[in-house]
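Chain by chain, the residues:
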Amino acid sequence: MKKEILILLFIVLVENTLAQVGLQFGSGEDLDGYILYQPNNNLTTYLIDGEGYVVAEWESVYQPGRAVYLLYNGNLLKTARIENFNFIDGGRGGRIELISSSNEVLWSYELSNEFESLHHDVAFLPNGNILALAWEKISSDDALENGRKPELIPANSEIWMEKIIELKPSGSSDATIVWEWHLIDHLVQDYDETKSNYGDISSDYRKLDFNYQIDNNGADWIHMNAIDYNEELDQIVVSTPFINEIWIIDHSTTTLEASTGAGGNSGHGGDFLFRWGNNHTYGMSNLKDRDLFGQHNPQWIKENGDWKILLFNNGRGREELYSTIDQVDLSFDNDGLNYSVLDGVFNSNSTNIYTAENKDEFYSSFVSGVQKLANNQYLICEGANGRIFQIDENKRVVWEYVNPIDIEPKCSNSLEETGGIVFRASYIPKDFNGLSDYNINRKYLLETLGCPLKTKKEIVNSVFKIQSLSSDYLEFNFASGINDVAFYTIDGKSIPFSYMGDQNFIAKINGYTGVIIVNCALNDKKIVKKIVLKK
């Protein structure tokens, strides 16, 4: 009798564990399409159906730089992460790939060196070109020359600026940069009147205050995390979550015009055509009155002939932590070329599309995205928790899925119950033209893989995994919920480290070999692990 009870209990536990990931609610009929996504540290990009079955997949030798897109010609456009210890913040990439339906890399491009690196996101243009985000470093001397306050220059004496480049692919691994925009050309400051960009922050609202900073984010003070293109307007929208704004930039300019405040359809060159989310950046409101909180995935949508911006408002920094889906209504001047300004502030309204009934039940402090569907429903990716769900016009959840990949703690039931991180997810209709070259059929359920970490890095244990190793650096990714991280040599000497976001840490070992002690905590429980580094 006791044996029968134990067997029944075991079955129940297994069923409950399986139910925590994969399909949670709804069916294939409710989704009526496919979901494209790539787990955060995985080598494989997946297309799943409404029941959670993999129907297509793309293998790679690279983890994602963040974004992936399925194009109308059937190719997968993927950002990829390559090693570069000069840029170690979240969202680092360095490489872009076009992958065919037969999993062949048709084209690739790398921009990753000591001074610049691709990161986060790209946008595919109708002419076949690709817009890409890139960091570019400037020295402390260059920062001072542009009016940066000395106390805002980090200890490593460098600042990461942002740029946008338009790539025209050629051959199998080359591209021509046919257009570019640089943030450094659009700065204003009121600190050093001897510099050429000295001015009035509030009056020069089409430029960014070079000394604006909310938190001490170090060198990566802007951290663009998304880009989207509007063909009709020939304009670009980007997300700058560390200062809680979105910017609209004129793409109709030449590269020369984009470096100035004149030219292009708008007449404003590369200066901001529109900015929204935090008027405190140019002295027109209090910080606590801002609208955006670490946002992701702004995108153009059109409703009743009017252009709007839809985005995932993460909520990081709110007094009450919760996420929302918001829509920004854009207002144009009579000329139809410029966005209207009222009393020194860009004129716009915002609409809340979705907030959970119990606010704290919908929250992702980083990554994440949203997509408006043709039936006026929305696909939402609550990325930090690996949760992908669809809501109807009444804001009811009609379909929900939790990513089962890259969550070893989930498999061992040793840490908090969330899915593996997903940067963004995209809805793909069944009749999407890009699927015509694919043999769409059910292959397997992802949760049957047993929650593997499908990377080339070794899993150390359920607390952390080693992402990469060199003679000078050791990169860790800690499981969700881990905090109070510290590293020591066997004789108790502290090992310096940097936090890069997304639970990633870089320990600076500087050629050290021997035993490293890793200290951390989970729910006030101390955890101590040892790593042996051999020559």
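Notes on the structure follow. Values in this document were obtained by computation on a predicted structure and should not be read as measured data.

## Remarks on the sheet that holds strand β18 (residues 274-276)
1) Next: Judged by pairing direction, the sheet is antiparallel, and its 4 strands sit side by side in the order β15-β16-β17-β18 without closing on themselves. The open sheet has two edge strands, β15 (226-230) and β18, and neither has a second partner. Strand-to-strand twist of the sheet, defined as the mean angle between neighbouring strand axes without regard to direction, takes the value 15°.
2) Next: Pairing geometry for strand β16 (residues 235-240) and strand β17 (residues 245-250), over 6 bridges, is antiparallel. Across the sheet, the residue bridging to valine 237 is isoleucine 248, located in β17.

## Some points on unusual backbone geometry
1) Next: Backbone geometry at asparagine 103 places phi at a positive 70°, although glycine is not the residue there.
2) Next: Note that asparagine 103 resides in the loop between β7 (94-99) and β8 (105-110).
3) Next: In this model, asparagine 297 sits at a positive phi of 60°, which is unusual for a non-glycine residue.
4) Next: Relative to the assigned elements, asparagine 297 resides in strand β19 (residues 296-303).

## Here we look at the sheet that holds strand β4 (residues 53-59)
1) Next: In space, the 5 strands of this open sheet follow the order β29-β2-β3-β4-β30, with antiparallel pairing throughout. The sheet is open, and its two borders are formed by β29 (422-428) and β30 (444-445), each paired with just one other strand.
2) Next: Pairing between strand β3 (residues 44-49) and β4: 5 bridges, direction antiparallel. Paired with isoleucine 48 across the strands is valine 54, a residue of β4.

## Details of a negative patch on the surface
1) Next: Residues Glu320, Glu357, Asp360 and Glu361 make up a contiguous surface patch of negative charge.
2) Next: Inspection of the secondary structure puts glutamate 361 in the loop between β24 (348-354) and β25 (369-372).

## Observations concerning empty space enclosed by the protein
1) Next: As enumerated under the stated definition, the model contains 3 cavities of 30 Å³ or more in all.
2) Next: In this structure, the largest cavity is lined by Leu36, Tyr37, Gln38, Arg66, Ala67, Val68, Phe423, Arg424 and Ser426.
3) Next: When residues of the lining of the largest cavity are traced back to their parent elements, those giving at least two are β2 (34-39), β5 (64-70) and β29.
4) Next: Residue composition of the lining of the largest cavity, grouped by class: 5 nonpolar, 2 polar and 2 charged.

## Here we look at the environment of aspartate 306
1) Next: Mapped onto the elements, aspartate 306 comes out in strand β20 (residues 306-313).
2) Next: The spatial distance from the C-alpha of aspartate 306 to the C-alpha of tyrosine 401 is 32 Å, given a sequence separation of 95 residues.

The rules behind the values
Residues numbered from 1 in each chain as written. Predicted model: local features only at pLDDT ≥ 70, side-chain atom pairs only at ≥ 80, totals over all residues. Heavy atoms only, no water. Pairing = 2+ DSSP bridges. Helix = DSSP H or I, 4+ residues; strand = E, 2+ residues; numbered from the N terminus. Axes fitted to C-alpha atoms, helices over the stretch in contact; angles between N-to-C directions. Patch = residues over 30% accessible without salt bridge, like charges linked within 9 Å, V, L, I, M, F, W, Y side chains within 5 Å. Areas by Shrake-Rupley, 256 points an atom, 1.4 Å probe, with all protein chains shown as cover. Salt bridge = Lys/Arg side-chain N within 4 Å of Asp/Glu carboxyl O. Lys, Arg positive; Asp, Glu negative; His and termini not counted. Charge placed at Lys NZ, Arg CZ, Asp CG, Glu CD. 1 Å grid on protein atoms, 1.4 Å probe; cavity = no way out; pocket = protein on both sides within 12 Å on 5 of 7 lines; lining within 4 Å. Points joined across faces, edges and corners; volume = space filled by probe spheres on them. Nonpolar A, V, L, I, M, F, W, Y, C, P; charged D, E, K, R; others polar.

Distances and angles like these do not, on their own, reveal function.
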